[in-house]
Amino acid sequence: MPRIDRIAEPWGTRTPYGPGETWPTRVDSYLADGLTEADVDRWVQSATILHSNGDALDIAVKDDRIVGVRGREVDRVNHGRLGPKDLFGWQANHSPDRLTKPLIRRKGKLVETDWDTAMDAVAGRCKELLEEQGPSAISFYTTGQLFLEEYYTLGLIAHGGIGTNHVDGNTRLCTATAAAALKETFACDGQPGSYTDIDHADVIALYGHNMAETQTVLWTRVLDRLAGPNPPKVICVDPRETPVARAATVHLAPRPGTNVMLMNALLHEIIANGWIDREYIAAHTVGFAELEKQTKGYTPEVAAEVCDVPAEQIREAARILGTAERLLSTVLQGFYQSHQASAAAVCVNNINVIRGKLGKPGCGILQMNGQPTAQNTREAGADGDLPAFRNWSNDSHIEELARIWNVEPMEIPHYAPPTHVMQMMRYAEEGTIRFMHVSATNPAVSLPELARVREILAQDRLFLVVQDIFLSETAQLADVVLPAATWGEKTGTFTNVDRTVHLSEKAVEPPGEARSDLDIFIDFAHRLGLKDKDGAPLVKWSDPEGAFEGWKECSRGRPCDYTGMSYDKLRGGSGIQWPCNDEHPDGTERIYEDGQFWAQPDYCESYGKDMITGAPVEEIEYKALNPTGKAVLKAAEYIGPHELPSEEYPFQLMTGRTLYHFHTRTKTGRAPQLNEAAPEVWVEMSASDAADRGFTEGDLLEVSTPRGRVRARLRISGIRPGALFLPFHYGYWDTDAGSEPKKKDDGRAANELTLTDWDPVSKQPIFKTAAAQVQRISASGGQPAPAPTTTGSAPVSGGVPPTTGGADAQVDELVGGRA
Amino acid sequence: MKLGMAIEELHRSENHLVTVLTSMSDKHKADHEVFYVTRDMAKWSREHVADLARVGRDFDVDLDPQVSEDPGMLASMKQRTSELIGRRPEPGLLLLADLRHLYREAAGTSVDWELLAQGAQGAKEKELLDIAERCHPESLRQARWANAHLKVTSPQVLAS
């Protein structure tokens, strides 16, 4: 079987194919310690969790230990392939520093305790505050990394039992704008695209989406199309020269914070040249006249000035987009985490809609997610939405939910949208939120302006509970730490960005006394004594399958309908796309066929918001605007970023990710192959900016903003002049300092520098436009930056040794599959 | 014709709205969304002031196209105060009062634009009507934001 170093070759071997053909299979597998398939005791079905792609895999188990993984050939998503994080990341499960016992703070120190003591402390403080202040004191901040069953149970406990409005997920940082953009255009969440659109598209446009690094297997699919006959054209919008940019027909690299200007110019060109489907617009949309009027002033010349992109390139990109037969558009953090996030993402929807490029093979939109189960956080109501895309401002939706939960409608807060995490932090800062339960996320590294976040989390008046698998930077600040089981140690389902649901089964026991998040939530509910209106326990299930069955009922008749699925049906074959019900028993590949949407006023999830202020549109206005539920074309004016470069802070700092790490490195930093590929933070700068300052590759720089400072070695990369890039993954758990920089000059986390500001529509924080300065601390001495050479951080100068994984990173690839 | 008077009155209201918005922004610097969104909305009122000054000349009204704003010193004092007291819950009530005030001011201004638009139609003043049709929705959006933000903020302030 051919073997290949998948650290050096993240996308593996090419299997070229042409338009309309089926993507060939290639089964990737990695077994540790020289084991072969013959040594494996059993294979347990699951899917990948260190990104959002949802690649199906089987976990290899030997002697009740996980020993490797193998891609599932039968699955529609990956056809057997896996990415580097999937191949190697599972090793973190075995880390000796996994949490195995609950911890409780005694005399200022976290000490080991038993579950009863820990849970009584958590439930006791929660009850105390409910009596003293009420539900406004209680908040939950969860993740995009648990399972559907866990989110649904958490949402039920928080919204239906405790009655607090303060529930959000770290999906706020990764995918809130995806949901917001879909709600603006289609009045409902749900992806109008399928991964198979890559098989058919003649143009693939990636907006702020470095797919090559964030969804490696999806990019492999694109690379295989590019290597085959009649390849698609690729449009890339990204200020960095990413692998996507290098493969692009046209690469637009706008100034950070100017996406809406660029998008309006593209829309202007497409409309002015008549590259639009007037019949589709008339039959299936509202708002075109306003869009045409609003984009009129945004000529390529105006945008060229503001974005610093040649007008000719804008015209060329518009021509390719405007004449595409089968157009697939995808969007991610370059738009979602930047200024005017939702407005920019909505512009992408507008291009597909006015060209009628929806609901047909090759014609789709993927407003991407960042995390594996982010879609479920959104669906199940654990992130500032209500379960099954119910509309918090539609009373009949609340009544229906109350019926399903058997509680009074008044018990479910719906006087305002659920509180987003940035506002929760604000309430905790002013002292009205006094209990915060954080599960499977690490705000002390991932939220903006860390000095402030640490100050809030460390307050004595805030009771902080952290449920995690490691003693993260956040856990170190907690009053109680609850040790959780992770992927491979518990059962549940999760859903990727193209609505494919996978079952992930328990392969091995969790370490020590660690328990599944679901068990912990249910225990918490029982200790609080949460009851429905007839006095029966509020949470009526005790295992994942019971929770899934409960969720199915909740999803009945809603867009994300799971009623046609079961654990048994998800076993053995491929993942299944929702909606899946009696009408579509095998799931649904494409939604919004024939211009039919879920936007009817009485059915839709959202009436929309003002694109600049974020103020919700009222029901009455929406009914007048869109009585029959068409797609809504929303226009937005460009407004400048809130923090602009100055003489003192001349650069625009963007934070971002690298192929080899996930989130705050809690797992990938503990997988040797991944850690060694990107062992330490670096900073990227363009060759011209470096030359102006006499900096060279590997120089130790200090990057600072009014909020803090970070030290990192310089990688001279293909980033646009005037911009800096810092990966956001690096924190302090693997430094001597532990949870924070101990001295002023040992800042390592990019979020020391970012500002507290968010998109008023999606409430997603802005990570791409902080004004920053740099100074050199010391020269490189010939040592290059510890940045990968295979990715967006590739050096533009020679002399940097290539990133490789060596003997430990050899992966089996079986092209054509195992049959 | 009293259109000149109406223009002058609106010019005064929009000027005042800029002050209300920027002062509110500075006072609530610790509330990040309030801080930024009020600043973004103040830009609209500044443009309205300039538009009104320009069109005012056709009606023999001499108006300043620039808004007279808070000196920087006062603004930074307000911002600093907000950061200092922003660790306490009491300023929440102040925010509600300020949102309520903004709502009333913006709603009043928006009615004034309605009146001006009606007057411009009656007098067949096309340019004036165009300006009113462009600016009126923005003052409505200012009022809607104030109202929406009151709805979001008030439960936590009042029930905690």
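Residues numbered from 1 in each chain as written. Chains lettered and ligands numbered in written order. Predicted model: local features only at pLDDT ≥ 70, side-chain atom pairs only at ≥ 80, totals over all residues. Heavy atoms only, no water.

A.B. asks: Can you help me understand the overall build of chain A in this one?
C.D. replies: What chain A contains, in helices and strands, is 27 helices and 29 strands. Computed over C-alpha atoms, the radius of gyration of chain A comes to 25 Å, within 12% of the 28 Å expected from 2.2 N^0.38 for 819 residues, which places it in the range of a compact globule. The C-alpha extent of chain A, read off along each of the three principal axes, is 65 × 65 × 60 Å. Scored against the burial criterion, the 819 residues of chain A give a buried share of 69%. (Helix = DSSP H or I, 4+ residues; strand = E, 2+ residues; numbered from the N terminus. Rg over C-alpha atoms; globule rule 2.2 N^0.38 Å. Buried < 20%, exposed > 50% of the residue type's maximum accessible area, 1.4 Å probe, protein only.)

A.B. asks: Would you explain the packing of aromatic side chains in this entry?
C.D. replies: By convention here, two paired aromatic rings are described through the distance between centres and the angle between planes. Residue and element names in this part refer to chain A. Under the criterion given, the structure shown has 23 aromatic pairs over all chains. When the ring of Tyr152 is compared with that of Trp405, the centres are 6.5 Å apart and the planes differ by 50°; the resulting orientation is tilted. Of the two residues, Tyr152 is situated in helix 3 (residues 148-162) and Trp405 in helix 18 (residues 395-405); the sequence distance between them amounts to 253 residues. Relative accessible area serves as the criterion here: at 3%, Trp405 is assigned to the buried category. With a centroid separation of 5.7 Å and 55° between ring planes, the pair formed by Tyr207 and Phe335 is classed as tilted. Of this pair, Tyr207 sits in strand 10 (residues 203-207) while Phe335 sits in helix 15 (residues 333-336), and the two are 128 residues apart along the sequence. Take Tyr207 and Phe335: they sit in the same class, and that class is buried. (Phe/Tyr/Trp six-rings, centres within 6.5 Å; stacked < 30°, edge-to-face > 60°.)

A.B. asks: Would you mind showing me how to read the sheet that holds strand 21 (residues 576-577) of chain A here?
C.D. replies: All names here are of chain A. Here we have 3 strands laid out as an open sheet, ordered 19-20-21, and antiparallel in their pairing. Across the chains shown, the open sheet's two edge strands, defined by having one partner strand only, are strand 19 (492-495) and strand 21. Here strand 19 runs beside strand 20 (residues 500-504); their pairing, made up of 4 bridges, is antiparallel. Its bridge partner being in strand 20, Thr493 is matched across the sheet by Leu503. (Pairing = 2+ DSSP bridges.)

A.B. asks: Looking at this structure, I do not really get the pairing of strand 4 (residues 56-62) of chain A. What am I missing?
C.D. replies: Within a regular beta strand, the side chains point alternately toward one face of the sheet and then the other, so they alternate between its two faces. All names here are of chain A. The buried count for strand 4 comes to 6 of 7 residues, which makes it a mostly enclosed element. Bridge count between strand 4 and strand 5 (residues 65-71): 6 bridges; the pairing is antiparallel. Within strand 5, the residue paired with Val61 across the bridge is Ile66. Linking two consecutive strands that pair antiparallel, namely strand 4 and strand 5, is a turn of 2 residues; a positive phi of about 50° is found at Asp63 within it.

A.B. asks: Got a minute to help me understand a nonpolar patch on the surface in this structure?
C.D. replies: On the surface, Met73, Leu74 and Met77 of chain B cluster together into a nonpolar patch covering about 330 Å² of accessible area. Here Leu74 of chain B shows up in helix 3 (residues 72-85). (Patch = residues over 30% accessible without salt bridge, like charges linked within 9 Å, V, L, I, M, F, W, Y side chains within 5 Å. Areas by Shrake-Rupley, 256 points an atom, 1.4 Å probe, with all protein chains shown as cover. Salt bridge = Lys/Arg side-chain N within 4 Å of Asp/Glu carboxyl O.)

A.B. asks: Explain the pattern of salt bridges to me, please; I cannot follow it from the model alone.
C.D. replies: One side chain can pair with another of opposite charge once the charged atoms of both are near each other. Enumeration over the complete set of coordinates arrives at 73 salt bridges over all chains. Residue Asp523 of chain A pairs with Arg515 of chain A through a salt bridge whose shortest N-O separation is 3.1 Å. Taking relative accessible area as the criterion, Asp523 of chain A reaches 13% and is therefore assigned buried. Between Lys29 of chain B and Glu83 of chain B there is a salt bridge; the shortest N-O distance is 2.9 Å.

A.B. asks: Just to check I follow, could you spell out unusual backbone geometry for this structure?
C.D. replies: Most peptide bonds take the trans form, and the phi angle of most residues other than glycine is negative. All names here are of chain A. Residues Trp578 and Pro579 are joined by a peptide bond in cis, for which omega reads -5°. In this structure, Pro579 sits in the loop between strand 21 and helix 25 (619-625). A positive phi angle, near 60°, is found at Asp64, a position not held by glycine. Mapped onto the fold, Asp64 is located in the loop between strand 4 and strand 5. Of note, the phi angle at His79 is positive, near 45°, even though the residue is not glycine.

A.B. asks: I keep staring at the nonpolar core and nothing clicks. Help me out?
C.D. replies: In this structure, Tyr207, Leu321, Ile354 and Phe524 of chain A are the most contacted members of the largest nonpolar core, which totals 190 residues. Not counting residues up to four positions away in its chain, the partners in contact with Leu321 of chain A are Val203, Ala205, Tyr207, Ile235, Leu266, Ile270, Leu327, Ile351 and Arg355 of chain A. Formed by 33 residues, the second largest nonpolar core is a distinct cluster that contains Met685, Leu701 and Ala785 of chain A together with Tyr36 of chain B. (Core = buried A, V, L, I, M, F, W, Y, C linked by side-chain atoms within 4.5 Å. Contact = heavy atoms within 4.5 Å.)

A.B. asks: Help me understand the confidence of the model for chain B, please; the structure alone is not making it clear to me.
C.D. replies: Do not read the fine detail of predicted coordinates wherever pLDDT is low. Residues and elements named next belong to chain B. Considering every residue of chain B, the mean pLDDT works out to 92; 99% of them sit at 70 or more. Of all helices and strands in chain B, the one with the weakest mean pLDDT is helix 3 (79), whereas helix 2 (residues 32-56) scores best (96). Both confidence scores are given for the complex: pTM 0.97, ipTM 0.94. (pLDDT = per-residue confidence, 0-100.)

A.B. asks: Just to check I follow, could you spell out the interface of chain B and chain A for this structure?
C.D. replies: When the parts come together, some accessible area is lost, and that loss is often what is quoted as the size of the interface. Taken together, the contact pairs 25 residues of chain B with 33 residues of chain A. Between chain B and chain A the total buried area reaches about 2600 Å² when both faces are included, carbon and sulfur atoms providing 50% of it. Taken together, the connections running from chain B to chain A amount to 5 salt bridges. One salt bridge in this structure joins Asp31 of chain B and Arg426 of chain A, with 3.3 Å as the shortest N-O distance. Counting every contact that joins chain B to chain A gives 13 residue pairs in polar contact (both at pLDDT 80 or more). For the side of chain B that touches chain A, the secondary-structure elements that each account for two or more residues are helix 2 and helix 5 (126-159) of chain B. At 11 residues, helix 5 of chain B tops the list of elements feeding residues into the side of chain B that touches chain A. Classifying every residue of the side of chain B that touches chain A gives 11 nonpolar, 5 polar and 9 charged. (Buried area = accessible area lost by both parts, 1.4 Å probe. Polar contact = N/O pair within 3.5 Å; in protein donor to acceptor, adjacent residues only side chain to side chain. Nonpolar A, V, L, I, M, F, W, Y, C, P; charged D, E, K, R; others polar.)

A.B. asks: Looking at this structure, I do not really get the environment of Ser95 of chain A. What am I missing?
C.D. replies: Residue and element names in this part refer to chain A. Counting through the fold element by element, Ser95 comes out in the loop between helix 1 (84-89) and strand 6 (103-106). Overall, Ser95 belongs to the buried group, its relative accessible area being 10%. When the C-alpha positions of Ser95 and Thr249 are compared, they lie 44 Å apart, and in sequence the two are 154 residues distant. Excluding residues that lie within four positions of it along the chain, Ser95 makes contacts with Phe470 and Arg670.

A.B. asks: I'm lost on helix 2 (residues 115-132) of chain A in this one. Help?
C.D. replies: Residues and elements named next belong to chain A. A rise of 1.5 Å per residue sets the reference length of helix 2, with its 18 residues, at 26 Å; its end C-alpha atoms lie 25 Å apart and thus fit the reference within 8%. Within helix 2 the residues assigned to the buried category are Trp115, Ala118, Met119, Val122, Ala123, Cys126 and Leu129. Down the axis of helix 2, the buried set is contained in an arc of 125°. They therefore lie on one face. Structural note: helix 2 exposes Glu131 and Glu132 on the side pointing more than 90 degrees away from its buried face. Considering only its buried residues, helix 2 is in contact with strand 8 (138-142), helix 3, strand 16 (435-439), strand 17 (463-468), strand 18 (480-483) and helix 22 (517-528). Near the N-terminus of helix 2, the side chain that reaches the backbone nitrogen of Asp116, with its oxygen 3.1 Å away, is that of Asp114. Just past helix 2, the residue Gly134 takes up positive phi, approximately 105°. (Expected span 1.5 Å × (residues − 1). Arc of directions from axis to C-beta.)

A.B. asks: How should I be thinking about the sheet that holds strand 6 of chain A in this particular structure?
C.D. replies: Sheet strands line up and pair through hydrogen bonds in the backbone, either parallel or antiparallel. All names here are of chain A. With mixed pairing, 7 strands are arranged side by side in an open sheet as 7-6-18-17-16-8-9. Where the open sheet ends on each side, the last strands, each with one partner, are strand 7 (109-112) and strand 9 (167-169). In this sheet, neighbouring strand axes are inclined to one another by 20° on average, regardless of whether the strands run parallel or antiparallel. In the sheet, strand 8 pairs with strand 16 via 4 bridges, with the strands oriented parallel. (Axes fitted to C-alpha atoms, helices over the stretch in contact; angles between N-to-C directions.)

A.B. asks: Where do I start with the packing of helix 10 (residues 259-272) of chain A against helix 14 (residues 311-323) of chain A in this structure?
C.D. replies: In helix packing, the relevant descriptors are the interaxial angle and the interaxial distance, both defined with respect to the helix axes. Residue and element names in this part refer to chain A. Two elements in contact, helix 10 and helix 14, have axes whose closest approach is 9 Å; the angle formed by their N-to-C orientations is 60°. On the basis of their axis angle, the class for helix 10 and helix 14 is oblique. Once helix 10 is placed against helix 14, the crossing between them reads as right-handed. Seen from helix 10, the contacting residues are Leu262, Ala265, Leu266, Glu269 and Ile270; seen from helix 14, they are Ile314, Arg315, Ala317, Ala318, Leu321 and Gly322. Here the contact of helix 10 with helix 14 is built from residues that sort into 8 nonpolar, 1 polar and 2 charged. (Parallel < 35°, antiparallel > 145°, perpendicular 65-115°, else oblique. Left-handed = near helix turned anticlockwise from the far one by under 90°.)

A.B. asks: Even after reading the chapter, I still don't get the packing of helix 3 of chain A against helix 22 of chain A, so can you show me in this structure?
C.D. replies: All names here are of chain A. Put simply, helix 3 and helix 22 touch, their axes get as near as 9 Å, and they point 20° apart. As summarised for this structure, helix 3 and helix 22 are arranged roughly parallel, according to the angle between their axes. Along this stretch, helix 3 crosses helix 22, giving a crossing that reads as left-handed. Between helix 3 and helix 22, the residues in contact are Glu149, Glu150, Thr153, Leu154, Ile157 and Ile162 and Asp517, Leu518, Phe521, Ile522, Phe524, Ala525 and Leu528, respectively.

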